[in-house]
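A structural walkthrough
So the chains spell out like this:
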Amino acid sequence: MSAPVLYSFRRCPYAMRARLALLVAGCQVELREVVLRDKPAELRAVSPKATVPVLVLPAGEVIDESRDIMAWAFTQGPGSSYGAVNPALVNAWLDDNDQQFKYWLDRYKYADRYPEGSQREYRTQGEAFLVRLEQQLAATQGDYLLGVAPSWLDIGIMPFVRQFAHVDKAWFNQSPYPLVIAWLERWLASETFLACMKKYPQWAQGHARVYFPPAQGEPLAC
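Everything in this summary refers to the structure shown in the same document. (Residues numbered from 1 in each chain as written. Predicted model: local features only at pLDDT ≥ 70, side-chain atom pairs only at ≥ 80, totals over all residues. Heavy atoms only, no water.)

What follows covers the packing of aromatic side chains. Following the criterion strictly, the structure yields 11 aromatic pairs and no others. Between Y7 and W203 the ring centres are 6.1 Å apart and the planes differ by 90°, which places this aromatic pair in the edge-to-face class. With Y7 in strand β1 (residues 5-8) and W203 in the loop between α9 (191-196) and β5 (211-212), the pair connects residues that are 196 residues apart, well separated along the chain. Classification of Y7 by relative accessible area gives buried; the value is 2%. The cationic tip of R113 hangs over the ring face of Y110; the distance from NZ or CZ to the ring centre is 4.0 Å. (Phe/Tyr/Trp six-rings, centres within 6.5 Å; stacked < 30°, edge-to-face > 60°. Helix = DSSP H or I, 4+ residues; strand = E, 2+ residues; numbered from the N terminus. Buried < 20%, exposed > 50% of the residue type's maximum accessible area, 1.4 Å probe, protein only. Lys NZ or Arg CZ within 6 Å of the ring centre and 35° of its normal.)

Across all of its chains, the model carries nine salt bridges by this definition. R67 is the partner of D95 in a salt bridge, and the nearest nitrogen-oxygen pair spans 3.0 Å. With a gap of 28 residues between them, D95 in helix α4 (residues 87-109) and R67 in helix α3 (residues 66-76) connect regions that are remote in the sequence. Look at R67 and you get buried, because its relative accessible area is 18%. Its salt-bridge partner being R132, residue D96 comes within 2.5 Å of it at the nearest N-O pair. One end of the pair, D96, is in helix α4; the other, R132, is in helix α5 (residues 119-140), and 36 residues separate them in sequence. Assessed through its relative accessible area of 28%, D96 is described here as partly exposed. On the basis of relative accessible area, R132 is assigned to the partly exposed category, the value being 31%. (Salt bridge = Lys/Arg side-chain N within 4 Å of Asp/Glu carboxyl O.)

Residue pairs three or four apart in sequence face the same way in an α-helix, which turns once every 3.6 residues. The axis of α4 is deflected most strongly, by about 40°, at F101. V90, W93, L94, N97, D98, F101, K102, L105, R107 and Y108 are the residues of α4 that are buried. For α4, the elements touching its buried residues are α1 (13-25), α3, α5, α6 (152-167) and α7 (169-173). A distance of 2.9 Å separates the backbone nitrogen of A88 from a side-chain oxygen at the start of α4, and that oxygen is part of N86. (Bend = angle between axes of the 7 residues up to and from the residue. Contact = heavy atoms within 4.5 Å. Polar contact = N/O pair within 3.5 Å; in protein donor to acceptor, adjacent residues only side chain to side chain.)

Printed below as a string of structure tokens:
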């Protein structure tokens, strides 16, 4: 392989944050877009759990957790300011996002699968995290979670807030979290996010290689 290979699915929030990290860190990968109902054998072979994202490095090392892919990108990329953060602070936030907020997000989005509670009850539980985000944005007095510049923390959390917002966009847009709403809107309109969400065809063995970000000559050495 001349570049790392990333197995991804465009709408998955875990894969989304991995792509965002690779993009802003300046690491180019060979992108293999997966359709979750039709996962390729090559993905299952490198990662038996067969969930995205999965990054396969040229030497054969497999990284199959989104947070680890983000960490790898920010150690390999050419000095991205996104990675210049307190790792303990970022990981504490991401723990809450991944273990608490995502739990209620799934139940809010797929309430019919969890009839023991109502969708509104699940949304209320998830709102506790939005309250924290609102307070954090107020405390930093900036456009982003750690101040005036975007960071690893923003791209680690934003895809999940985006998913939460889209369950009921009308409710979210009038919810009592104006700083979170504005923060999310900035991200969704940003060139970085639009580049991350570019559509690619489903990958299959024998297809021409697709590079992310799009190749300009030879792949970057990350």
